[in-house]
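One letter stands for each residue in the lines below.
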Amino acid sequence: MEFRRTAFLVVAVGVVCACSAGPEDGSQLSTTRTGSSGVNSTVTDGLDAPWSIAFHGATALVSERDSGRILEIGSGGTQHEVGVIDGVEAVGEGGLLGIAVRDGQLFAYYTAADDNRIERFDLTGVPGSLQLGSGTTILTGLPAATNHNGGRIAFGPDGMLYTTVGDAGNRAAAQDRAAFAGKILRMTPDGKAPADNPIPGSLVYSYGHRNPQGITWAPDGRMFASEFGQNTWDELNLIQPGGNYGWPEVEGLAGRAGFIDPVQQWKPSEASPSGMTIIDGSVYIANLRGERLRQIPLDNLTHSTEHLVGEYGRLRDVAVAPDGSLWLLTNNTDGRGDPAAGDDRIVRLPIDR
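This write-up is about the structure you can find in this document. For clarity, every value in this text was computed on a predicted model and none was experimentally measured. (Residues numbered from 1 in each chain as written. Predicted model: local features only at pLDDT ≥ 70, side-chain atom pairs only at ≥ 80, totals over all residues. Heavy atoms only, no water.)

**Some remarks on the sheet that holds strand E25 (residues 326-330)**
Hydrogen bonding along the main chain pairs the strands of a sheet, whether they run parallel or antiparallel.
At step 1: Reading across from one edge, E3-E26-E25-E24 is the order of the 4 strands in this open sheet, with antiparallel pairing throughout. Among the strands making up the open sheet, the edge pair consists of strand E3 (41-44) and strand E24 (315-320). Direction aside, the axes of adjacent strands within the sheet are offset by 30 degrees on average.
At step 2: Sheet analysis places E3 next to strand E26 (residues 346-349), joined by 3 bridges and oriented antiparallel. When the sheet's bridge partners are listed, Ser41 is paired in E26 with Arg348. (Pairing = 2+ DSSP bridges. Helix = DSSP H or I, 4+ residues; strand = E, 2+ residues; numbered from the N terminus. Axes fitted to C-alpha atoms, helices over the stretch in contact; angles between N-to-C directions.)

Structure (C-alpha cells):
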C-alpha cells in the first residue's frame, strides 16, 4: 500500500529563510525547502511504534518500542517476527529502542524494569526465517525514566559500539563524568571500555547531553549526533572525544568557554531530531515533531534543506539501504502522532545521483 506519494528532491526549489548565525537567531545561515515531483514508495506498513532500522546484510530489521519485537522485512514488504526481547518494559518513551547489527549478531538497547541496558543476540537461520538466539547482556545500569532515554546504538568506523544515553530527568548528572546520564558512550562489542577512551577506564565518550537520539559518521571520520533540547533549541553536534556539550548549563549556541556549541540549532517545533545517516556528502536527520527530513551538506554545515515537510507525519529513523536509497521510518503510532491508514510504515526515498 502506498501513502502520500510525494517526491524526494535533492535540489531545493524554494528559499524558506536566510539568517546570520548567532545564539538569538539560530545557527544555520540558510534553509531551503524542496518541492514535489516523482514518486516515493512504501516498503511496508502496519508497524506498531517502530523505533530503529538496521541491516543484516541485505535484510532489513526493525525494532518496535512497545511490543519488544524484532521484525524482518522481506521482499514485497512481508514481515517476519525474528523474536521478542524478554524483559522490555514499555513505559512512556521507554521500551525496545535502538538496534545495530555486526558479524551476525544483533545488539539491542531497551528499557527493563529498573534500567536501560544493551543485550547481544546471535542471529540464526537464513533471510526469510531469521531467529534470535539466546541473549547476552553486555551493559546494565543505564538510567531509565518515562522520558529522555536516549537509545540509539551504532558501530563506528573503529569497530566500537556507541550509544546515546539521555539524562532521564536528572539534569545535573549530564555534567557528572562518573554518571551514565546525558552521555554518549563508547565500548567494545563486549561492553568494555576501550583503552583509548578519553577518560581512562570509563565508557564516557562525550557528556553534557540532554536527550541525544542520533549518531552517524562521515567518510572522513567526523562523528555527528542529534539532540533534543528543552524548550529553546534542538541541536546537531560534531562530537569530539571527551567534549562537554553544555547541558544543563547551556542549550544551543552559547559561546561559553568549556562548552562545545552545536553546528546547527533549530526550534523544537521544527525539529525533535532522532535517527540520522550520511550518504553522498550529506547528513540526513529524521525529525519527529518537525515532521520533516533535514539534509545538511558535509562541506557546508551552516546550510540545511528540508524534505517531505508534513508529508508522512513524525519521522523516527533514516537509514541507507543496500541499494543506496534512503529508508525512512515513520513514528505516528507512538502515542504522540496522528496515524493515517496503514501507519506506521517504511518509505523508500530514491537519491538522485
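Now that the structure is up, let's keep going.
**Some details on the sheet that holds strand E18 (residues 234-239)**
At step 1: Spatially, the 4 strands line up as an open sheet ordered E16-E17-E18-E19, and their pairing is antiparallel. Each having just a single partner strand, strand E16 (211-217) and strand E19 (264-266) make up the two edges of the open sheet. Each neighbouring strand pair of the sheet contributes to a mean axis angle of 20 degrees, computed without reference to strand direction.
At step 2: Summarising the sheet, strand E17 (residues 223-228) and E18 pair through 5 bridges and their orientation is antiparallel. For Ser226, the partnering residue across the bridge sits in E18 and is Leu236.

**Examining the pattern of salt bridges**
At step 1: A complete count under the given rule lists 16 salt bridges for this structure.
At step 2: Asp220 is the salt-bridge partner of Arg222, the closest N and O atoms lying 2.9 Å from each other.
At step 3: By relative accessible area, Arg222 is classed as partly exposed at 26%.
At step 4: In this structure, a network of salt bridges that share partners links the residues Glu64, Arg69 and Glu81. (Salt bridge = Lys/Arg side-chain N within 4 Å of Asp/Glu carboxyl O. Buried < 20%, exposed > 50% of the residue type's maximum accessible area, 1.4 Å probe, protein only.)

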